[in-house]
Amino acid sequence: MTAATRDDVPVVLGGDGVEVRTRTIGGGMSVGYISLPEGTDMGPALKGLEGDACPCPHWGYLLKGRLRMLTPEGEEYYEAGQAYYWGPGHVPVAVEDCEFVEFSPAEDFQRVIDHVRSQAG
C-alpha cells in the first residue's frame, strides 16, 4: 500500500500560480494535487492533443474554488465540496482560485503533462 501527502508529491508543472503535483500511487494510478489560480484556461496548453482537450480521465474532489469544464457536449461547473469524474475530452477553466485532488491513469496523465511541458518550452 502507498500513501502520499501533498508535500510528499513533486511539482511536475508550475508557473503563474499553476501547480501540478503528481506521483504514481499504485494500481496504475497517480494522485495529483492541483492548484489553478482564477482565470487559468488550460485550453492553449492542451492544443494539439486529440480534440484540443485532455484525453485522460480523472476522478477527484474539488477542495476550493469553482471550475468551468468545457466538453464536446457543452460546459459544466464544479465547485468546492464536489467529487467528480471528468472523462476524456475536457478543458478546465478556473472561475475562482481552485485546489483539487484527483486520481488518474498514471501513463495517460504523464503523456498529458509531457505535452503541456512541450507547449511551454
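Described in the following lines is the structure provided in the data block. (Residues numbered from 1 in each chain as written. Predicted model: local features only at pLDDT ≥ 70, side-chain atom pairs only at ≥ 80, totals over all residues. Heavy atoms only, no water.)

1. Brief notes about the layout of surface pockets
The rolling of a water-molecule-sized probe over the atoms marks out the regions of remaining empty space.
Thought 1: The calculated volume of the largest pocket comes to roughly 290 Å³.
Thought 2: In terms of lining residues, the largest pocket is bounded by 13 residues, among which Val18, Met42, Ala45, Val116 and Ala120 are the most central.
Thought 3: Elements with a minimum of two residues in the lining of the largest pocket: strand S1 (11-15), helix H1 (43-46) and helix H2 (106-120).
Thought 4: Across the lining of the largest pocket, the residue classes break down as seven nonpolar, four polar and two charged. (1 Å grid on protein atoms, 1.4 Å probe; cavity = no way out; pocket = protein on both sides within 12 Å on 5 of 7 lines; lining within 4 Å. Points joined across faces, edges and corners; volume = space filled by probe spheres on them. Helix = DSSP H or I, 4+ residues; strand = E, 2+ residues; numbered from the N terminus. Nonpolar A, V, L, I, M, F, W, Y, C, P; charged D, E, K, R; others polar.)

2. Some remarks on the sheet that holds strand S6 (residues 74-79)
Thought 1: Overall, antiparallel pairing links the three strands, which are arranged S6-S5-S8 in an open sheet. Each end of this open sheet is capped by a strand with a single partner; those strands are S6 and strand S8 (91-94). In this sheet, neighbouring strand axes are inclined to one another by 25° on average, regardless of whether the strands run parallel or antiparallel.
Thought 2: Relative to S8, strand S5 (residues 66-71) runs antiparallel, the two being bridged by four bridges. Residue arginine 68 lies in a different strand from S8, and its bridge partner there is valine 93. (Pairing = 2+ DSSP bridges. Axes fitted to C-alpha atoms, helices over the stretch in contact; angles between N-to-C directions.)

3. Examining the packing of aromatic side chains
Thought 1: For the structure on display, the rule yields six aromatic pairs.
Thought 2: Between the aromatic rings of tyrosine 78 and tryptophan 86, the centroid separation amounts to 5.6 Å while the plane-to-plane angle is 70°, which identifies the pairing as edge-to-face.
Thought 3: Taken together, the aromatic side chains of Tyr78, Tyr84, Trp86 and Phe100 make up a single cluster linked through ring pairs. (Phe/Tyr/Trp six-rings, centres within 6.5 Å; stacked < 30°, edge-to-face > 60°.)

4. Some words on the sheet that holds strand S3 (residues 29-36)
Thought 1: A sheet is described by the order of its strands in space; here six strands give the open sequence S1-S2-S3-S9-S4-S7, paired in antiparallel fashion. Strand pairing shows two members of the sheet lacking a second neighbour, S1 and strand S7 (83-86), which therefore form its edges. Strand-to-strand twist of the sheet, defined as the mean angle between neighbouring strand axes without regard to direction, takes the value 20°.
Thought 2: Judged from the seven bridges that link them, strand S2 (residues 18-26) and S3 form a sheet pairing that is antiparallel.

5. Observations regarding H2
Thought 1: Under the 1.5 Å per step criterion, the end-to-end length of H2 is 21 Å for 15 residues, consistent within 8% with the ideal 21 Å.
Thought 2: Buried residues of H2: Ala106, Phe109, Val112, Ile113, His115 and Val116, and no others.
Thought 3: Buried residues belonging to H2 abut S1, S2, S3, H1, strand S4 (58-64) and strand S9 (98-105). (Expected span 1.5 Å × (residues − 1). Buried < 20%, exposed > 50% of the residue type's maximum accessible area, 1.4 Å probe, protein only. Contact = heavy atoms within 4.5 Å.)

6. Section: unusual backbone geometry
What you tend to see is this: most non-glycine residues have negative phi, and most peptide bonds are trans.
Thought 1: Of note in the backbone geometry, aspartate 16 takes a positive phi value of approximately 55° without being a glycine.
Thought 2: Located in the positive-phi region is aspartate 52, a residue other than glycine, with phi close to 55°.
Thought 3: By the element assignment, aspartate 52 lies in the loop between H1 and S4.

7. Regarding the side chain of arginine 21
Thought 1: With respect to the helices and strands, the residue arginine 21 is situated in strand S2.
Thought 2: Its relative accessible area of 13% is what places arginine 21 among the buried residues.
Thought 3: In terms of polar contacts, arginine 21 uses its side chain to reach the backbone carbonyl oxygen of arginine 6, at 3.3 Å.
Thought 4: Setting aside chain neighbours within four positions, we find arginine 21 in contact with Arg6, Asp7, Val9, Pro10, Val11, Val12, Val31, Gly32 and Tyr33. (Polar contact = N/O pair within 3.5 Å; in protein donor to acceptor, adjacent residues only side chain to side chain.)

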